[in-house]
Amino acid sequence: MFSTPFLDLPPLAGASGTVRLPGSKSISNRVLLLAALAGGTTTVHDLLDSDDTRVMLDALAALGCRIDRAGAGLRIEGLDGRLRTSGAKLFLGNAGTAMRPLTAALALLGGEFELSGVPRMHERPIGDLVDALVQLGCRIDYLGNPGYPPLAIHPVPLDSLQLAAPIRVRGDVSSQFLTALLLALPLAAGAASERADQASGRDITIEVIGELISKPYIEITLNLLSRFGIEVRREGWERFVIPAGSRYRSPGDIHVEADASSASYFIALGAIARGEGIRIEGVGADSIQGDIRFVEAARLMGAHIDSGPNWLAISRGAWPLKAIDLDANHIPDAAMTLAVMALYADGPCLLRNIASWRVKETDRIDAMAKELRKLGATVEDGPDFICVHPLARAGWRAASIRTYDDHRVAMCFSLAAFNPAGLPVRILEPHCVAKTFPDYFETLFSVAEAAEVPVLCIDGPTASGKGTLAVAVAYQLGYHYLDSGTLYRVTGLAMRRNGLEADAAHEMQIAELARTLPLRFSEGKVLLSGEDVSDAIRTEAAGMDASRVSALPAVRKALLALQKSFRRLPGLVADGRDMGTVVFPDATLKVYLTASAAQRAERRHKQLISKGISTTLDGLRADLEARDLRDSSRSVAPLKPAPDARLLDNSLLSVEQSVEQVLAWWQEVQPFGSS
Ligand SMILES: Nc1ncnc2c1ncn2[C@@H]1O[C@H](COP(=O)(O)OP(=O)(O)OP(=O)(O)O)[C@@H](O)[C@H]1O
Ligand SMILES: Nc1ccn([C@@H]2O[C@H](COP(=O)(O)O)[C@@H](O)[C@H]2O)c(=O)n1
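Residues numbered from 1 in each chain as written. Chains lettered and ligands numbered in written order. Predicted model: local features only at pLDDT ≥ 70, side-chain atom pairs only at ≥ 80, totals over all residues.

1. Brief notes about the environment of Arg600
And then number 1: Relative to the helices and strands, Arg600 is located in helix 20 (residues 597-610).
And then number 2: When the 24 C-beta atoms within 10 Å are taken as the criterion, Arg600 is described as buried.
And then number 3: Each C-alpha atom of the pair Arg600 and Met495 lies 28 Å from the other, and the pair is 105 residues apart in sequence. (Helix = DSSP H or I, 4+ residues; strand = E, 2+ residues; numbered from the N terminus. Buried ≥ 20, exposed ≤ 12 C-beta atoms within 10 Å, placed from the backbone.)

2. Structural notes on unusual backbone geometry
And then number 1: The residue after Pro149, namely Pro150, is reached through a cis peptide bond having omega 5°.
And then number 2: By the secondary structure assignment, Pro150 is in the loop between strand 8 (139-142) and strand 9 (151-154).
And then number 3: Backbone torsion omega between Leu569 and Pro570 reads 5°, so that peptide bond is classified as cis.
And then number 4: Of note, the phi angle at Glu429 is positive, near 45°, even though the residue is not glycine.
And then number 5: Among the secondary structure elements, Glu429 is positioned in the loop between strand 23 (425-428) and helix 13 (440-447).
And then number 6: On the basis of neighbour count, Glu429 is assigned to the buried category, with 20 C-beta atoms found within 10 Å.
And then number 7: One non-glycine residue, Ala463, lies in positive phi territory at about 60°.
And then number 8: Following the sequence through the fold, Ala463 ends up in the loop between strand 25 (455-459) and helix 14 (466-477).
And then number 9: A tally of 25 C-beta atoms within 10 Å means that Ala463 is categorised as buried.

3. Focus on the sheet that holds strand 29 (residues 531-532)
And then number 1: Here 3 strands make up an open sheet; going across it, the order is 27-28-29 and the pairing antiparallel. For this open sheet the edge positions go to strand 27 (519-522) and strand 29, each flanked by a neighbour on one side alone.
And then number 2: By the bridge criterion, 4 bridges tie strand 27 to strand 28 (residues 525-528) in an arrangement that is antiparallel. Residue pairing across strands places Leu519 opposite Leu528, the latter belonging to strand 28.
And then number 3: Those strands touched by helix 15 (residues 484-497) are strand 27 and strand 28, and its axis lies near 35° from that of strand 28. (Pairing = 2+ DSSP bridges. Contact = placed C-beta atoms within 7 Å. Axes fitted to C-alpha atoms, helices over the stretch in contact; angles between N-to-C directions.)

4. Some remarks on the UniProt feature "binding site: 3-phosphoshikimate" (unreviewed entry) in the protein
And then number 1: This chain's UniProt record puts "binding site: 3-phosphoshikimate" (unreviewed entry) on Lys25, Ser26, Arg30, Ser174, Ser175, Gln176, Ser214, Asp333 and Lys360.
And then number 2: Examined against the element boundaries, Lys25 turns out to sit in helix 1 (residues 25-37).
And then number 3: Accessibility expressed as a C-beta count within 10 Å gives 25 for Arg30, which makes it buried.
And then number 4: Setting aside anything within four residues of it in sequence, one finds Arg30 in contact with Leu183, Ile220, Thr221 and Leu224. (UniProt positions renumbered as here; feature names shortened; annotations may be inferred.)

Right, here's the structure in full:
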């Protein structure tokens, strides 16, 4: 996951390959709750690991559920309708799929509970669900604003509940209210059948007031309830009947299918990008998720899509995409992806009946309109619609996209990186994708192709601080890091171990060693044939050997392809001697880092002493000056600043100041302005 303050997506050109997506959030959290309420043990496979499922798991553990790893799955010992705690304070982040169903379940289970979340969760309505539960006889208080979390839930005896009359709940704000009741009320149906009125066989009826939105999510709920032994009778979309005597029965093992909303980004990718197409595994034509109908919308826009039970294959069809006018009520989450696809359409795209966007992680209509406008688009929006006009090449602007702590905003705007103007897109706070798809950007980069992956080079003499600076800058930008000196150091070590000398007579043999180095980088360690050589290559003697082998032209040539292979999305920071002059002459930014010889010797002295390696300051200074002389006077790729490099003398700068300077230069060469 990218934990950086921002992530710059370079202009993307094509995409090809296969992705396997994480489990569905909607299914994961429903399955977790059902497994917890059921008797017996349920092993859940392919569960989504994300912020929202983690808060659900923490909550269930706090209720006394035993949760263990079972291989790649998770084993949950259900409560069988009985709490193992008298109460708890539960923090549910911004997970609506945890807050709503847990409110209903805990109101029926008994016990004193406080349910809270992040500030945005306290702005997301829950009043209609609470009203329905209070009608039944449950006791729930608002701890902040009426109608919104945080909530205090108090115990009531199940036999005091008013179950005879239908329970009425609004369905036109969020379908999660109905889902919450459907998931929780079998607790009361089971209990009722154990009491005297078992004979009368009382069913529990829920009546929906208003037009039910997001019906596909209710279908997921009904499907999963059925797998847990509860067969709800649906009468249209207005009445739902939980039969008397219903009891949750663990299915034993249950698999979570991949998230269909997450699939929308890769379906769109296949429709937009040039290339061999995208194959998605883990979700397909047999999906129980409503958002799978995004496939129909993408086809309307011109995408070619084939499918099997649990796979999809997408490639570019019509181009530009075809404009659509769509009632997107049935795919509220995935429809955000259509709003970005609209930028590549042949006319304005209208998405209607999406009022629920306004009460999601953020006001999504507002957020999408604002950020699409930053890209240069004309957007009209209203209480329940958004209309996005396509962008001609000249109309695109490089934008820093605010993500509003909303994973879907971050993910769908990544598609703007395919703009024909070849502009990068900056995604602010990219870690918000952790809500449902922590590795979203890594997955995107595994199939996307950039016209040019950005590189930031830091060259300079020995011990000037290149490595320290490069690692810090790479960390800030979320980029890969190449310490090219390591490759020469390992080659020098391999030369010694093979009893060779760094001279012209052995040049070809050493070059062959360099070309076939059995080298691996793992958890910060350098492994040569599996052996950890991280310390062995850091001595000054190893530095000298590296300097000697690096003067051999055949060795430099042998290491070129390996160095270039580090240039991967989203970008690379490379340090060495010839990064800007030879290996990456087209780098976006080149920095030549120097410091006085006295400073460098002193820094290296401290560095070696701290590692327990004894040495003298004078000896070190002589060594590093000899190394610099050899590096800068050799015939191939000598150490020198590239003509277009920016010079940074950090003799009097701290590491932090150097990092700040380089990041400021990086910002200067980006087209985002100061935003
Ligand atoms: N600006 C700075 N101020 C003070 N110390 C620094 C600064 N930059 C780096 N150092 C310290 O100097 C030492 C050498 O830095 P580093 O290993 O990054 O240099 P290098 O240029 O990569 O060396 P080499 O060329 O041998 O690979 C480290 O201990 C590091 O912490
Ligand atoms: N791009 C590079 C990087 C390094 N070298 C040679 O390797 C020696 C060791 O490098 P460190 O950065 O790890 O100290 C160095 O002295 C150079 O001779 C190189 O030639 N080109």
